[in-house]
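# Results of the structural survey
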Amino acid sequence: QSQLVESGGGLVQAGGSLRLSCAASGSIFSINAMGWYRQAPGKQRELVATITSGGSTNYADSVQGRFTISRDNAKSTVYLQINSLKPEDTAVYYCNFQGWRSYTDYRYKPPEDYWGQGTQVTVSS
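Residues numbered from 1 in each chain as written. Predicted model: local features only at pLDDT ≥ 70, side-chain atom pairs only at ≥ 80, totals over all residues. Heavy atoms only, no water.

### Some details on the overall build of the chain
From N to C terminus, the chain includes 1 helix and 11 strands. Along the chain, helices (α) and strands (β) appear in the sequence β-β-β-β-β-β-β-β-β-α-β-β when read from the amino end. With the C-alpha coordinates aligned to their principal axes, the bounding extent of the chain is approximately 50 × 25 × 25 Å. Here the chain, with 125 residues, has 39% of them falling under the buried criterion. Sequence-distant contacts, at least 24 apart, represent 57% of the contacts inside the chain between residues at least 6 apart. Just so you have it, the chain exposes about 6700 Å², and 46% of that area is on carbon and sulfur atoms. (Helix = DSSP H or I, 4+ residues; strand = E, 2+ residues; numbered from the N terminus. Buried < 20%, exposed > 50% of the residue type's maximum accessible area, 1.4 Å probe, protein only. Contact = heavy atoms within 4.5 Å. Areas by Shrake-Rupley, 256 points an atom, 1.4 Å probe, with all protein chains shown as cover.)

### Looking at the sheet that holds strand β1 (residues 3-7)
Read from one edge of the open sheet, 4 strands run β1-β3-β8-β7, paired in antiparallel fashion. Two strands in the sheet have a free side with no partner beyond their single neighbour: β1 and β7 (67-72). Each strand axis lies, on average, 15° off the axis of its neighbour in the sheet, ignoring direction. Both strand β3 (residues 18-25) and strand β8 (residues 77-82) contribute to a ladder of 6 bridges, which runs antiparallel. Looking across to β8, one finds that L18 is bridged to I82. (Pairing = 2+ DSSP bridges. Axes fitted to C-alpha atoms, helices over the stretch in contact; angles between N-to-C directions.)

### Some points on the environment of A14
Relative to the elements of secondary structure, A14 occurs in the loop between β2 (10-13) and β3. Owing to a relative accessible area of 41%, A14 belongs among the partly exposed residues under this scheme. When the C-alpha atoms of A14 and S30 are compared, they prove to be 37 Å apart, with 16 residues separating the residues in sequence. Apart from the residues lying within four places of it in its own chain, the contact partners of A14 are L85, P87, V123, S124 and S125.

### Remarks on the pattern of salt bridges
Enumeration according to the criterion identifies 5 salt bridges in this entry. A salt bridge links R38 to D89; the nearest nitrogen and oxygen atoms lie 3.0 Å apart. Of this pair, R38 sits in strand β4 (residues 30-39) while D89 sits in the loop between β8 and β9 (91-100), and the two are 51 residues apart along the sequence. Judged by its relative accessible area of 6%, R38 is buried. A relative accessible area of 1% places D89 in the buried class. With a closest N to O distance of 3.5 Å, K109 and D105 form a salt bridge. The class for D105 is buried, based on a relative accessible area of 12%. Via salt bridges that share partners, R38, E46, R66 and D89 belong to a single interconnected network. (Salt bridge = Lys/Arg side-chain N within 4 Å of Asp/Glu carboxyl O.)

As structure tokens, this is what we get:
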């Protein structure tokens, strides 16, 4: 069973920085896109940033220029560098991988979604 293990959340003051990490534990044959989502209290989960296997990135308008997503394929890990934090960035952050468990799945099935357990980011004003 593959799992995603997140780390790096915490309580910071506005203007501060955090670095979130998410690593796959267990076997995933191949990972396609990786991404970060967040969910604030009373709101729906929203896309924060994604990165393709080729390194192309996409960001939500609200985080463009402040957040940077990166990945280490050798470590099956995705990172989110968060700078210039704002109180409205307060949320539970979830990582997401799209991948395949085996070569057979890779050949014949679409990628599966894997989710982390979530890590809390709280920004005080």
